[in-house]
Amino acid sequence: MTKITLGCEPAVGSLAPSKKRDYRVTNRLQEGKRPIYAVVFNFIDSRYYNVFATVGGNRVTVYQCLEGGVIAVLQSYIDEDKDESFYTVSWACDADGTPLLVAGGINGIIRVIDAGNEKIHKSFVGHGDSVNEIRTQALRPSLVLSASKDESVRLWNVQTGICILIFAGAGGHRNEVLSVDFHPSDIYRIASCGMDNTVKIWSMKEFWTYVERSFTWEELPSQFPTKYVQFPVLIASIHTNYVDCIRWLGDFILSKVNDCLIQSVDNEFILWEPKMKEQSPGEGTVDILQKYPVPECDIWFIKLSCDFHYNTAAIGLYNSGNREGKIFVWELQTSPPSLIARLSHVQSKSPIRQTAMSFDGSTILSCCEDGTIWRWDTVATS
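Residues numbered from 1 in each chain as written. Predicted model: local features only at pLDDT ≥ 70, side-chain atom pairs only at ≥ 80, totals over all residues. Heavy atoms only, no water.

### Structural notes on the pattern of salt bridges
Counted according to the given criterion, the structure contains 11 salt bridges. The partner of Asp45 in a salt bridge is Arg47, and the shortest N-O contact between them spans 2.6 Å. According to the relative accessible area criterion, Arg47 is exposed, its value standing at 55%. Between Glu133 and Arg247 there is a salt bridge, with the nearest N and O atoms lying 2.8 Å from each other. Placement of Glu133 in strand β12 (residues 131–136) and of Arg247 in strand β21 (residues 243–249) is noted, with a sequence separation of 114 residues between them. (Salt bridge = Lys/Arg side-chain N within 4 Å of Asp/Glu carboxyl O. Buried < 20%, exposed > 50% of the residue type's maximum accessible area, 1.4 Å probe, protein only. Helix = DSSP H or I, 4+ residues; strand = E, 2+ residues; numbered from the N terminus.)

This is the structure:
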């Protein structure tokens, strides 16, 4: 297990907005009456940077952001199971560059949708319970990770339909896995977190031959020799409550929690550096660098989002006391952390489950439990 390094105190962000960039609401759509749990821009293909997808209920919908705050509906997919409730969606692509949408939810079945032909490309059956998050490997966008309530993380090849690796077992999570992410430059490394209050960092280096083999496999996907990865290279127990979102920021990690051993707060996400011990897998130290307060948020399973270059991050929140949904926009490349803007609207009275930042951060989307999608755009400041 990890130890927290005793050194300099982490830099804590101020809740006074710098107003370095200002945003205003330019559109609001009512997609339906069921909660929308995820919204994500397509950063996989530069042709579609202004295209985004949402999931809510048994529906996956694709939109395009146009000038003047306009949002155009491009296509919609309704799952054959009316009881499905999708929690997560991610963009991926096939070998020929065909844009794919990968969605999962309460049923544990992962749907891969061919956005070019508007039809189901593949369905992945393997998880024993609901899928909480799906993320795509930016360096090889045919590879996706899925985090599940069944206490496992799975690596899939969307091109061939193969489940390559399963991260679970003796050193795996002991409760729901809520979030997962690929390292941005180290193709072998991933991180996961969940309801067992831990963050686990895993290495695929030893098993990379299985990944390469999945691209040339010619037999049935079910006959592929899927490999179990049982032991992470680092187990970080720096949190005392659910860790419901994790993102790599270079070699550092952003994780969102409701509580932290260092300082008890309503809610925050922290930036920290994991330091592995090469000779002792699973052990290491953690250096907490910065804290980004997200106050008055009394619900969990809320995901943060970043622009393409990880300059800024946006996270929605909800306070049930005054029924108010807000978005906090943080600058990530400053120390101490700088809050750029705190966004709210008098009609935003529902929990914001996820935000999505555009390529350059000039547009922020939020999806809400009341079935609405909000669009915020930057405005010129004097």
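### What about the pairing of strand β22 (residues 252–257)?
Extensive coverage of β22 is indicated by the burial of five of its six residues. Here β21 runs beside β22; their pairing, made up of six bridges, is antiparallel. Residue pairing in the sheet places Arg247 in a bridge with Leu254 of β22. Here β21 folds back onto β22 in antiparallel fashion, the turn holding two residues, of which Gly250 has a positive phi close to 65 degrees. (Pairing = 2+ DSSP bridges.)

### Quick word on the pairing of strand β10 (residues 110–114)
Of all five residues in β10, five are buried, a share of seventy percent or more. Covered by surrounding structure in β10 are Ile110, Val112 and Asp114 together with Arg111 and Ile113, the residues of both alternating faces. Taken together, strand β9 (residues 99–105) and the strand that follows it, β10, pair antiparallel across an intervening segment of four residues, in which Gly108 is found at a positive phi of about 80 degrees. Where β10 folds back on strand β11 (residues 119–124), the antiparallel hairpin that results is connected by four residues, among which Glu118 adopts a positive phi of roughly 55 degrees.

### Things to note about the sheet that holds strand β16 (residues 177–182)
By way of backbone hydrogen bonds, the strands of a sheet pair with one another, either parallel or antiparallel. If you trace the four strands from one edge of the open sheet to the other, you get β16-β17-β18-β20, paired in antiparallel fashion. The open sheet has two free edges, formed respectively by β16 and β20 (234–236), since each of these has just one partner strand. Each adjacent strand pair in this sheet contributes to an overall mean axis angle of 20 degrees, direction not counted. Bridging between β16 and strand β17 (residues 189–194) involves five bridges; their strand directions are antiparallel. Bridge pairing links Val177 to Gly194 in β17. (Axes fitted to C-alpha atoms, helices over the stretch in contact; angles between N-to-C directions.)

### A closer look at the nonpolar core
Counting 22 residues, the largest nonpolar core has Leu145, Leu155, Ile164, Leu165, Phe167, Ile190 and Met204 as the members making the most contacts within it. Broken down by secondary-structure element, the contributors of at least two residues to this core are β13 (143–148), β14 (153–157), β15 (162–167), β16 and α1 (208–216). The leading source of residues in this core is β15, at four residues. Contact partners of Leu165, with chain neighbours within four places excluded, come to Val153, Arg154, Leu155, Met204, Phe207, Tyr210, Thr226, Lys227 and Val229. One finds Leu254, Tyr292, Leu317 and Leu339 within the second-largest nonpolar core, a separate group that totals 17 residues. (Core = buried A, V, L, I, M, F, W, Y, C linked by side-chain atoms within 4.5 Å. Contact = heavy atoms within 4.5 Å.)

### Overview of the sheet that holds β14
Spatially, five strands are ordered β12-β13-β14-β15-β19 in an open sheet, and the strand pairing comes out mixed. Looking at the sheet topology across the chains shown, the edges are occupied by β12 and β19 (227–229). For this sheet the average axis-to-axis angle between neighbouring strands, irrespective of direction, equals 25 degrees. This element, α1, spans β13, β14, β15 and β19 of the sheet and lies at about 165 degrees to β15.

### A closer look at the packing of aromatic side chains
Overall, the coordinates contain 15 aromatic pairs when judged by the stated rule. Relative to Trp330, the ring of Tyr292 lies with its centre 5.4 Å away and its plane at 85 degrees, an arrangement referred to as edge-to-face. Of this pair, Tyr292 sits in strand β24 (residues 284–293) while Trp330 sits in strand β27 (residues 324–331); the two residues are 38 residues apart in sequence, bridging distant segments of the chain. Overall, Tyr292 belongs to the buried group, its relative accessible area being 0%. In this structure an aromatic cluster arises from ring pairing among Phe43, Tyr49, Phe308 and Phe359. (Phe/Tyr/Trp six-rings, centres within 6.5 Å; stacked < 30°, edge-to-face > 60°.)

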